[in-house]
Amino acid sequence: MFINWRTDSLLFDSESTPPNRWETANSLIKTDKITQIPQIDFPTLPLYPIMIRKIDFLSSDRLLQTLPYISLNTTWSGLLRKQSLNLAERCKHYFADSTADHSIRTWQKKVIKYCEQQHRIPLPIFRLLDAWEQPFQTYNQVAFQSARGESFHLPTKITNDLAYFLGVVIGDGHLTCYNIQLVDFSPNHMLMIQSLAHQLFGIQGKISGEENIWTFHLNNKWAVRLVNFLTDQPIGGQKYDSLKEPFILKHDKHFRRHFWSGVLDADGSYKRYIGLTSKTQVLIEDFGSFLQEQDISFKIRSGQKYGRESFDLLIHPLFKREVSQLLIPRHPVKKQEFQTYTAGKIYRPRKKYSDEFALLQQENQELRFHTFNIKQMVSDGSQTFFDFSVLPTLGVLQCQDLLKALRIHLSWTQRQLADYLLIPEKMITSYERTSDITIQLLEKLLPFFPESQPKSLMLFLKQNDLITFRSRKTVAMLPLQPSNELLKLLQQLELRRDYLLINPKNGHKDQVRGKLSNYFSIPKPVGYKLSNSVVYQFARTFYQIGASTED
């Protein structure tokens, strides 16, 4: 049975409605119309109904020139050419009652021309093929062109980089029908956003401005539609009534970390405190909910700014360490401010303890490792891993050859790689020779490795046997996945303020010392004390810790 654009079940909108009445991810999830919205495993983003809206079929007499074109390789061109008559018949029915209501003969001529001369075809025509979804399910991005031949691509999956970009747009961006506009005081931040947007969309956006007002322009109406769909931010007009954390990101802590880092890079402060200011109360409350889930204290205050009520969220300074492991700023200036602030001394009032473990230690309670902390685990297929991304400053050893091979693969100089990572060039030289690279920087490079390399952190570490880590002056080998042997070993230890203690009541302490040395490839502890920052952070992060249950 032939389908028509008016009744196409793939298209989200029931009628030909203007942009800010379109169905978005937020509205579809809120009303339980989620059959085509990726959920827990995010298989693919529904690009076709995001890029094509019903109003497109009535908005112009030159309809085909307003649509995105999908690029065709030789295989697809040959397949479409063979099916040109069948495809033309489907086009006749699909475009009926639109501004491109042509005969079957005319459609066949157009299909042949697209295949033989242009090697591209309007996306709605490609959608009529039986196997049209294959490119969207196979690749991380799909290549398109505008009618004028301007190339671009869109991601088929949510990524940390996309989540960060959405945060920047929410924080200080503006959408029009054809343009995403971002404003910032730092030209270097605009250069970083330009590089990020080119990676996400394959478009070289333009930067303009002077002194402390710099603007980045990304001209592509389908990138605008993707951002509008994922965030609910309106296309044109005031945005404050619509700003919120996108529902589609809320199931994944990592996406949320990068999203809120983007919001803060655009509209937050890391100087005397870490805080976010917005005219939208819902956005501030969403950020508060995110912090509350991480057990981070904050306060919200309101007042008048520029004739409109404004809201400030300020994070309690006692939670510098927790925030330093949660947020991942990329703004060149604010990132330095963030590192300076979070590295500062934490002044704690006497006899007041925000840390439950410190309180129990004060009461002379023995803190023991009970079981694994599943909140800090991540699943990848059928495998469960410790989530090392929550330890962003941990150094990964033995990456030298991988990093050098990656730079050669990208045809980048050390300076280009350093500019992307926002670090001094001499650090790249160090990384490629002897030094370890932090998990935070390694995560940023994962999308650029060849297709043979996993794009998720833990699978990447496992495939490349990267299990040796550094923190401060200590080095240790860490397991990437939980095991009963590991659990039993840690259950024989106690947590102290900055070290681990072999339970003095253990009658086999020498045997425990040997097991610790062998398991983590560290020097055999002397006495009862194990002082190794790598092992300490690992144990403190990935285990549930509480007072001893022994009598």
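Quick note: structure is the one above.
Everything quoted here is computed from the prediction, not taken from an experiment.

**As for the packing of helix α11 (residues 253–267) against helix α12 (residues 281–293)**
- Interhelical geometry of α11 versus α12 gives an angle of 135 degrees and a closest axis separation of 12 Å. Taken together, the axes of α11 and α12 lie oblique to each other. Relative to α12, α11 is oriented so that their crossing is left-handed. Contact residues: R256, R257, W260 and L264 in α11; L283, D286, F287, F290 and E293 in α12.
- Its residues assigned to classes, the contact of α11 with α12 comprises five nonpolar, no polar and four charged.

**Brief notes about the sheet that holds strand β1 (residues 69–71)**
- Spatial strand order, β2-β1-β3-β4: four strands in an open sheet with antiparallel pairing. Where the open sheet ends on each side, the last strands, each with one partner, are β2 (120–122) and β4 (151–155). Ignoring which end each strand starts from, the neighbouring axes of this sheet average 40 degrees apart.
- Strand direction decides the pairing type here: strand β3 (residues 141–145) and β4, joined by five bridges, are antiparallel. When the sheet's bridge partners are listed, Q145 is paired in β4 with S151.
- Of the strands in this sheet, β1 and β2 touch helix α5 (residues 104–118), which is tilted by about 150 degrees from β2.

**Brief notes about the sheet that holds strand β17 (residues 437–438)**
- With respect to topology, four strands assemble into an open sheet ordered β17-β16-β18-β19, the strand pairing being antiparallel. Both outer strands of the open sheet, β17 and β19 (474–477), are each paired with one neighbouring strand and no more.
- Pairing analysis gives two bridges linking strand β16 (residues 395–396) to strand β18 (residues 468–471), with the strands arranged antiparallel. The residue of β18 that forms the bridge with G395 is R470.

**Here we look at the nonpolar core**
- In terms of nonpolar packing, the biggest core is built from 104 residues, with F95, F144, F165 and F201 touching the most fellow members.
- For F95, the contacting residues outside a window of four places in its chain are W5, F57, L63, L64, L67, A100, D101, W107, P124 and I125.
- Core analysis: the next-biggest nonpolar cluster, separate from the first, contains 59 residues, F372, L446, L487 and V535 among them.

**A few points about the packing of helix α8 (residues 160–172) against helix α10 (residues 221–231)**
- Taken N-terminus to C-terminus, the directions of α8 and α10 make an angle of 85 degrees; their axes are 11 Å apart at the nearest point. Taken as axis vectors, α8 and α10 run roughly perpendicular relative to one another. Mapping the contact onto sequence places L162, F165, L166, V169 and I170 in α8 and V227, L230 and T231 in α10.
- Residue composition of the contact of α8 with α10, grouped by class: seven nonpolar, one polar and no charged.

Calculation notes
Residues numbered from 1 in each chain as written. Predicted model: local features only at pLDDT ≥ 70, side-chain atom pairs only at ≥ 80, totals over all residues. Heavy atoms only, no water. Axes fitted to C-alpha atoms, helices over the stretch in contact; angles between N-to-C directions. Helix = DSSP H or I, 4+ residues; strand = E, 2+ residues; numbered from the N terminus. Parallel < 35°, antiparallel > 145°, perpendicular 65-115°, else oblique. Left-handed = near helix turned anticlockwise from the far one by under 90°. Contact = heavy atoms within 4.5 Å. Nonpolar A, V, L, I, M, F, W, Y, C, P; charged D, E, K, R; others polar. Pairing = 2+ DSSP bridges. Core = buried A, V, L, I, M, F, W, Y, C linked by side-chain atoms within 4.5 Å. Buried < 20%, exposed > 50% of the residue type's maximum accessible area, 1.4 Å probe, protein only.

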